[in-house]
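Single-letter residue listing:
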Amino acid sequence: MPETTWNAPHRVEKPSTPYDVIRLFNEETTVEREIIENLCAPALGWTYRSREQLTALRSDEREVLLLPLLRDKLIQLNPTILTDAARADAIMTKLRACRDNAQWLAWLKNGVNYQFDPSEKAQDVRLIDFDDLEANDWCVTNQFPVEGNSPRRPDLVLFINGIPIIVIEAKTASRQQPDWREGAKQLGLYADEIDQLFYTNAYGVGVNETRMMYGIPGRRLQFWLQWRDPWPHAIDEFDEMKVSLYGLFDRTNLLDFIRHFILFVTRDGQTEKVVARYQQYLAARDILGRAIALSLPPEQRRGLVWHTQGSGKTLTMIFAARCLWEDKTLGQPTVILLVDREQLGSQMDRELMATGTENVHVAASKRDLEAKLAGDYRGVILTTVHLFEGMPKRITKGRQNVIIMADEAHRTQERDLGTYMRAAVEGAALFGFTGTPIEKDDHNTPRTWGRIKDDGTIERYMGRPYTVTDALRDEVVRPIHWQPRKTDWQLYGAKLDAAFKREFGQLDEAEQNKLVSGSSTLDILLKLPKRIAQIADDAVEHFNVHVRPNGFKAMLVCKDKEAVRLYTEALRARLGDETVMAVISEQPKDDPDAIKALYLGETKRKQLLNEFLIPAQSERPEHQDKPYRQVEVLVVCDMLLTGFDAPILQALYLDKKLRDHSLLQTIARVNRPYNELKGHGLIIDYYGIFDHLNEALNYRPDELADIAFPFDRLREHFRSQFEALWALFPVDRVSRDGTHGAFIAAMQILRDEESAEKQFDTGYRNLRVLYEALQPDEQLRDYVRPYAWLTKLYMLYRKKFYPDRALAVTAEDAARTRELIRKHLDVEELERDFPTYALDEHFLTKLKDQKPEAKALEIEAMLSAELRIRMDQDEQFRPLSEALQRLIDQKRAGTLAGIALIEELETLAEAVRAAVDEANRPIAQQLALKIKARNAALTDIQAAEVAAAVLGVADQHCFAGWWNTSAADPELSQALLVMIAQRFASLGLLADGAMGFIGTLVQLLKRKHYKPGTQATE
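Bear in mind the structure is a predicted one, so any value in this text is a computation, not a measurement.

Draft legend 1. Representation of the overall build of the protein chain. When helices and strands are counted, the protein chain shows 39 helices and 23 strands. Burial statistics for the protein chain: of 1018 residues in total, 55% are counted as buried. Partitioning the contacts of the protein chain with sequence separation of at least 6, the portion at a separation of at least 24 is 72%. Accessible surface for the protein chain amounts to roughly 43,500 Å². Of this, 49% is attributable to carbon and sulfur atoms.

This is how it looks when you write it as structure tokens:
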């Protein structure tokens, strides 16, 4: 296979001047080039092939597999299996027929299991050599054309052995609006329109010059991730894009990722693809590295992993278990996943089963666990530390390929349970996980799980901890804000005695003592009916105003089951029985009848927790038979405070004394990302803990960082964000009178000043989230009308430059902003006063009476919107888009203005209109133009006659949806060739390159989605 080094494409040669610009910055000359140059560097070892080279390896542009290359590699990798052409063809046929991404990734990992003959056993045909990098073909190309429902051209595609594995969409930061998010959105579009490119896809990448993000095309952008470690390469950490590039596309890392770090999780019949985060990958590799070091003593084959709450510890353990199970050094190990509570075990059980992890056994009893360990079971065992109580010593006979991974490792120190566990699995590798730092006075956890270093000291954490600060930076979790409410009922510390004195101080001492004789002072006050009622009133008011309107849900945490009963009754009286549900542990021997009335049973509880994740007002058909989706508030005391992941949960109403890891784990229930409107999680503190947070948390200050922020910080953020946006539009340049002139002045700032448009777009979206979190808020009363002005400006900006996105009140605007728009803005008036112009022959005439600056802006806006849409559909519009960018750059530099600018824009507008007209021509006319281009001597009548004949042949050979498959192409091409040879031989259309000409006609028919019989209606 010929190889090519990377050269800048389409370089224009012309005489050089000191100020000469060969080509403006764009995706192809900046981002694409840098990525390709780094991929092809010796450190990464990829090979660049141009799209022209790849054309020879593709039957047509619908085919995304490089078939000749793939076939050759299959034979090279499987010489004893693919011993003849028929066998190779059988595998190729099977591969080309597969449209399932999970199946393709399973084949990439394990090979294709195939029985070639009934007399033979099925054999695994390898697609990739995971042991020898150089046995594989590593290829990158750019501007890769693909025909599908629409023709598309992804910026970069990475192939392994002719199979497209990675698709990258690049955006340049020099443009006003696009960044990596635009690339990620475009990949979602591609996944629908050229889906065949994604059958084999590991993940997609959106990138600009400064940042590279990876994720699943089509998923919400908040679930896209940044790879922040270049291992095994040394890259400056401040070059974030390059760090990600080297970490993700190191060839060993990529093969490891494909093999172990992509999961398909099935819940409620829905399957979702999950890719590992960088900290999950590194932790799993660290665990594997220590576990396979069998020559080391056990005390050096262990470690404690600190990954903060919400960063995916459960999946990290599953990824690590997969790596351990498949490593040849360990020879089918016993991997014990250790949890200490039944509900955590239930969560891990669900996760393991959902991911399809094989060889998993859930130990149901001490006897069951002992039998498995004594019987030399190989695979994954899920159990709790309590089942090790009384376990015989050395039950695993000192086997070194026993590996324990314990979730929330500090809990394994309860009583003597940890001692029993360690004695039973003597010789095993031990790895603990914790979502919180080690407490200052906790010496047992490091001693149990920490590695003994060569100098005899104990390692505190294995690898680099993944802290709250890291998770917030990566947007893996949302910040948590706390707000004290009903402070006269707070009971923390000295407030307890003060509240008791206030409520019962009028009683004499004997009556006070009698009151608390059967209960503690705390219990009396916590469950005082007046207190329960007032807190319930306040929680419901807060929930209805701040949480419910945007579709979020809440949880109330209280002291014990009796408090759960009281709060459940109070909240149901205010919100309705279907809205509030209690979740408690069920102990029939100990619980009174009033508590038993709250029991759900295991089946209903699991159903509730699954359906709670669904929006209460969801109108999706598959949700209509999920009654528990209507539950919006859960009331708990101990259950669900750990291990319960509910991204829809935004508010936690806290009325329980918690401290240390219990407090950190509980408040982390609200930090999971959900959608753009969930900018934070919220703790409403009725107990008074957060006013004394340092007393409640016994950790090193350097490890704890900021776990939660005062609610007032949101107000500060709102004010600073508002002031930054307000300052974008100086009053002396942009009046606040809402006139057309003010709008034009504001738009000129956004379009002419560097980064202003991106700052406004991003800043307003952030401001909107803060507005939703705060309103109604008396302290922000003076900001309501100014915020309405910014909202109007934002709506007009989107309307002018993104007219395909409706000027309407949508769910995206969020509840408070929707209310503000309806109250302060007349959408019909905006449509009338600020019209959007269509690009037609009358376009420029409609603008003739406008002032020069307004006219220039209208033309620029129309061209930007039109070309943005057209570029997604037709690569032929790229030169026009670049021409517009040149004019914008010259305008910003001050070298083009006034009448000269308008003339250039008008000329470009005519060129774009002509291109649009060309793209919109009837198919017969477009065919005729192609035919005349083949032979310019033909008359219009002759070209039209040939075009009609081409459509006649297409009517006979095409069928519904034929453009989505290459099956019809050979037959149609042959029929067109025969028809032209028989009927139009004298027109000289079949000279040199006849099949290329025929292919042009077929591709035009496909691009236009020609349907048989269409010509009669055009």
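Draft legend 2. View of the pairing of strand S7 (residues 203-207). The buried count for S7 comes to five of five residues, which makes it a mostly enclosed element. What you see with S7 is no split at all: Tyr 203, Val 205 and Val 207 on one side and Gly 204 and Gly 206 on the other are buried throughout. Both strand S6 (residues 163-170) and S7 contribute to a ladder of five bridges, which runs parallel. Within S7, the residue paired with Ile 166 across the bridge is Tyr 203. When S7 meets strand S8 (residues 212-215), the two strands line up antiparallel, connected through four bridges. Bridge pairing in S8 links Val 205 to Tyr 214. Hairpin connection, S7 to S8: the antiparallel pair is bridged by four residues.

Draft legend 3. Up close: the sheet that holds S6. Reading across the sheet, the six strands line up as S1-S4-S5-S6-S7-S8 and stay open at both edges, with mixed pairing between neighbours. Pairing within the sheet leaves two strands with one partner each, and these edge strands are strand S1 (47-48) and S8. Taken strand by strand, helix H7 (residues 240-249) contacts strand S5 (156-160), S6, S7 and S8, and its axis lies near 40 degrees from that of S8.

Draft legend 4. Representation of the sheet that holds strand S18 (residues 553-558) within the structure. Taken together, the seven strands give an open sheet; going across it, the order is S19-S20-S18-S21-S22-S17-S23, and neighbouring strands pair in parallel fashion. Edge positions in the sheet fall to strand S19 (580-582) and strand S23 (709-710), since each of these pairs with one other strand and no more. In terms of strand pairing, S19 meets strand S20 (residues 633-636) through three bridges, oriented parallel. Looking across to S20, one finds that Ala 582 is bridged to Val 635.

Draft legend 5. Geometry of unusual backbone geometry. The omega angle of the peptide bond from Trp 231 to Pro 232 is 10 degrees, so this bond is cis rather than trans. Tracing the backbone through its elements, the reader meets Pro 232 in the loop between S8 and H7. Although it is not a glycine, Lys 397 adopts a positive phi angle of roughly 60 degrees. Even without being glycine, Glu 408 reaches a positive phi, approximately 50 degrees. Structurally, the position occupied by Glu 408 is in the loop between strand S15 (402-406) and helix H13 (417-424). On the accessibility criterion, Glu 408 (4% relative accessible area) is buried.

Draft legend 6. Summary view of the side chain of Asn 401. Within the element layout of this structure, Asn 401 appears in the loop between strand S14 (379-384) and S15. Given the relative accessible area of 12%, Asn 401 is considered buried. Here Leu 330 takes part through its backbone oxygen, which lies 3.0 Å from a polar atom of the side chain of Asn 401. Polar side-chain contacts of Asn 401 include one of 2.7 Å to the side chain of Arg 399. Discounting residues that sit within four places of it in the chain, Asn 401 has contacts with Leu 330, Gly 331, Gln 332, Pro 333, Thr 334 and Arg 378.

Draft legend 7. The pattern of salt bridges, seen in detail. Scanning the model with the defined rule gives 59 salt bridges in all. Its salt-bridge partner being Glu 860, residue Lys 891 comes within 2.6 Å of it at the nearest N-O pair. Of the two residues, Lys 891 sits in helix H34 (residues 878-893) while Glu 860 sits in helix H33 (residues 852-873), which places them 31 residues apart along the sequence. For the pair Lys 891 and Glu 860, one class covers both residues: buried. For Asp 917, the salt bridge is made with Arg 913, and the minimal N-O distance between the two is 3.4 Å. On the criterion of helical spacing, the pair formed by Asp 917 and Arg 913 is a turn pair, its members being four residues apart in helix H35 (residues 898-920). Taken together, the salt bridges that share partners define one network made up of Arg 211, Arg 228, Glu 240, Arg 464, Asp 470, Arg 473 and Asp 474.

Draft legend 8. Examining the packing of aromatic side chains more closely. Going through the model one piece at a time under the given rule, you end up with 35 aromatic pairs. On the basis of an interplanar angle of 15 degrees and a centroid distance of 6.4 Å, the ring pair of Phe 718 and Phe 722 is categorised as stacked. Pair noted here: Phe 718 and Phe 722 are both in helix H26 (residues 712-727), with a separation of four residues, about one helical turn. You'll find Phe 718 and Phe 722 in the same group, each marked buried. On the basis of an interplanar angle of 20 degrees and a centroid distance of 4.3 Å, the ring pair of Tyr 764 and Tyr 794 is categorised as stacked. Taken together, the residues Tyr 764 in helix H28 (residues 756-774) and Tyr 794 in helix H29 (residues 784-801) connect sequence positions 30 residues apart. According to the relative accessible area criterion, Tyr 764 is buried, its value standing at 1%. Tyr 794 gets classed as buried once you look at its relative accessible area, which sits at 7%. Ring pairs connect the aromatic residues Phe 718, Phe 722, Trp 726, Phe 729, Phe 760, Tyr 764, Tyr 771, Tyr 783, Tyr 787, Trp 789, Tyr 794 and Tyr 797, which therefore count as one cluster. Across the ring face of Phe 223, the terminal group of Arg 219 is positioned such that the distance to the ring centre comes to 4.5 Å. Above the face of the Trp 726 ring, Arg 736 is positioned so that its terminal group lies 4.2 Å from the ring centre.

Draft legend 9. Representation of helix H27 (residues 740-752). Over its 13 residues, H27 extends 18 Å from the first C-alpha to the last, a length consistent with the 18 Å expected when each residue adds 1.5 Å. All of the buried residues in H27 are Ala 742, Phe 743, Ile 744, Ala 745, Ala 746, Met 747, Ile 749, Leu 750 and Arg 751.

Draft legend 10. Seen up close, the nonpolar core. Ranked by internal contacts, the top residues of the largest apolar core, which has 118 residues, are Leu 634, Tyr 653, Phe 729 and Phe 760. The element that contributes the greatest number of residues to this core is H29, accounting for ten residues. If sequence neighbours within four positions are ignored, Leu 634 has contacts with Ala 554, Met 555, Leu 556, Met 581, Val 583, Leu 608, Leu 609, Phe 612, Leu 640 and Phe 644. If you look at the next biggest cluster of nonpolar residues, it comprises 98 residues, including Tyr 199, Val 275, Ala 284 and Met 462.

Draft legend 11. Quick look at the packing of helix H38 (residues 969-983) against helix H39 (residues 994-1007). Axis separation between H38 and H39 bottoms out at 10 Å; the angle between their running directions is 120 degrees. With respect to their mutual orientation, H38 and H39 come out oblique. Regarding H38 and H39, the two cross each other, and that crossing is right-handed. Residue-level inspection shows Asp 969, Leu 972, Ser 973, Leu 976, Leu 977 and Ile 980 of H38 in contact with H39, the latter providing Met 995, Phe 997, Ile 998, Leu 1001, Val 1002, Gln 1003, Leu 1005 and Lys 1006. Here the residues of the contact of H38 with H39 sort into ten nonpolar, two polar and two charged.

Draft legend 12. Representation of the environment of Gly 162. Position of Gly 162 among the secondary structure elements: in the loop between S5 and S6. Taking relative accessible area as the criterion, Gly 162 reaches 0% and is therefore assigned buried. Residues Gly 162 and Leu 65, spaced 97 residues apart in sequence, show a C-alpha to C-alpha distance of 5.8 Å.

Rules and cut-offs
- Residues numbered from 1 in each chain as written.
- Predicted model: local features only at pLDDT ≥ 70, side-chain atom pairs only at ≥ 80, totals over all residues.
- Heavy atoms only, no water.
- Helix = DSSP H or I, 4+ residues; strand = E, 2+ residues; numbered from the N terminus.
- Buried < 20%, exposed > 50% of the residue type's maximum accessible area, 1.4 Å probe, protein only.
- Contact = heavy atoms within 4.5 Å.
- Areas by Shrake-Rupley, 256 points an atom, 1.4 Å probe, with all protein chains shown as cover.
- Pairing = 2+ DSSP bridges.
- Axes fitted to C-alpha atoms, helices over the stretch in contact; angles between N-to-C directions.
- Polar contact = N/O pair within 3.5 Å; in protein donor to acceptor, adjacent residues only side chain to side chain.
- Salt bridge = Lys/Arg side-chain N within 4 Å of Asp/Glu carboxyl O.
- Phe/Tyr/Trp six-rings, centres within 6.5 Å; stacked < 30°, edge-to-face > 60°.
- Lys NZ or Arg CZ within 6 Å of the ring centre and 35° of its normal.
- Expected span 1.5 Å × (residues − 1).
- Core = buried A, V, L, I, M, F, W, Y, C linked by side-chain atoms within 4.5 Å.
- Parallel < 35°, antiparallel > 145°, perpendicular 65-115°, else oblique.
- Left-handed = near helix turned anticlockwise from the far one by under 90°.
- Nonpolar A, V, L, I, M, F, W, Y, C, P; charged D, E, K, R; others polar.

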